Amino acid sequence: MRYIVNHPSSYLEGVSLRQRESTGVPQSENDLAVVVYLKNSNLYTTTLILDFDKAKWLRDSLNNAIKAAPLFIENKVALKTPGEF
């Protein structure tokens, strides 16, 4: 891999939906949060809690990267590491 994140190895453990308040049913997306569970190589679990709009942004960003991958391969574009010239 040419693009390496300087972070311990992480593995996607799971994703869930969380209600922000414990009173009543959610009235809108603002009452919800998306929780991403990551497990690193030491088996400690890290929890990433995203507001719903940030979760949608992450979904769209992942979709864009996945859709772009075949274009990079087809056009033989080399990905660069940040700071690399």
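Residues numbered from 1 in each chain as written. Predicted model: local features only at pLDDT ≥ 70, side-chain atom pairs only at ≥ 80, totals over all residues. Heavy atoms only, no water.

Some details on a nonpolar patch on the surface
On the surface, a nonpolar cluster with roughly 430 Å² of combined accessible area is contributed by W57, L58, L62 and I66. Following the sequence through the fold, L62 ends up in helix α1 (residues 52-74). (Patch = residues over 30% accessible without salt bridge, like charges linked within 9 Å, V, L, I, M, F, W, Y side chains within 5 Å. Areas by Shrake-Rupley, 256 points an atom, 1.4 Å probe, with all protein chains shown as cover. Salt bridge = Lys/Arg side-chain N within 4 Å of Asp/Glu carboxyl O. Helix = DSSP H or I, 4+ residues; strand = E, 2+ residues; numbered from the N terminus.)

Concerning the pattern of salt bridges
Scanning all chains against the criterion turns up four salt bridges. Residue R20 is joined to D51 by a salt bridge in which the shortest nitrogen-to-oxygen separation is 1.9 Å. Here R20 is found in the loop between β1 (10-19) and β2 (32-40), whereas its partner D51 is found in strand β3 (residues 45-51), with 31 residues between them in sequence. Salt-bridge contacts for K56 lead to E29; the nearest nitrogen and oxygen are separated by 3.0 Å. Of this pair, K56 sits in helix α1 while E29 is found in the loop between β1 and β2, placing the two residues 27 residues apart along the sequence.

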